[in-house]
Amino acid sequence: YSAEEVAQHSTVDDCWLIIDKKVYDVTSYIPEHPGGMNIMNNAGADSTEGFKGSQHGEATFAYVEEFCIGNLK
């Protein structure tokens, strides 16, 4: 996916994130996100820095892979 394609998915009803040059569709996870709507801080954009913050443990890095839909061009 291109960054432009990802940017088109930036709402609570259609939310994609870029993390380490991979694209994730986290739309279905938003209601479960322990950090509430913070997941929307970089909706449709690169969320690598925020994702790798101290608030996420090692298990989170593996868990997020189930939402991976492809790679960033």
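Scroll up for the structure.
Presented here is a report on the structure given in the accompanying data block. (Residues numbered from 1 in each chain as written. Predicted model: local features only at pLDDT ≥ 70, side-chain atom pairs only at ≥ 80, totals over all residues. Heavy atoms only, no water.)

As a working rule, side chains carrying opposite charge can pair if their charged atoms are close by. For the structure shown, the criterion picks out two salt bridges. Among the ionic pairs, Asp20 bridges to Lys52, the shortest N-O distance being 2.8 Å. Here Asp20 is found in the loop between strand 2 (14–19) and strand 3 (22–25), whereas its partner Lys52 is found in the loop between helix 2 (48–51) and helix 3 (58–63), with 32 residues between them in sequence. In this structure Asp20 comes out as partly exposed when scored by relative accessible area, which is 44%. (Salt bridge = Lys/Arg side-chain N within 4 Å of Asp/Glu carboxyl O. Helix = DSSP H or I, 4+ residues; strand = E, 2+ residues; numbered from the N terminus. Buried < 20%, exposed > 50% of the residue type's maximum accessible area, 1.4 Å probe, protein only.)

Attention now moves to the pairing of strand 3. Where strand 2 meets strand 3, four bridges bridge the pair, whose relative direction is antiparallel. Looking at the pairing, Ile18 lines up with Val23 of strand 3. Between the antiparallel neighbours strand 2 and strand 3 lie two residues, among them Asp20 with a positive phi of about 50°. Of the strand pairs in this sheet, strand 3 and strand 4 (residues 68–71) are connected by three bridges, and their pairing is antiparallel. Note on strand 4: the bridge partner recorded for Lys22 is Asn71. (Pairing = 2+ DSSP bridges.)

It is worth spelling out the packing of aromatic side chains at this point. Across all of its chains, the model carries four aromatic pairs by this definition. On the numbers, 5.0 Å between centres and 70° between planes, the contact of Tyr1 with Trp16 is edge-to-face. Here Tyr1 is found in the segment before helix 1 (3–7), whereas its partner Trp16 is found in strand 2, with 15 residues between them in sequence. Since its relative accessible area comes to 10%, Trp16 is described here as buried. (Phe/Tyr/Trp six-rings, centres within 6.5 Å; stacked < 30°, edge-to-face > 60°.)

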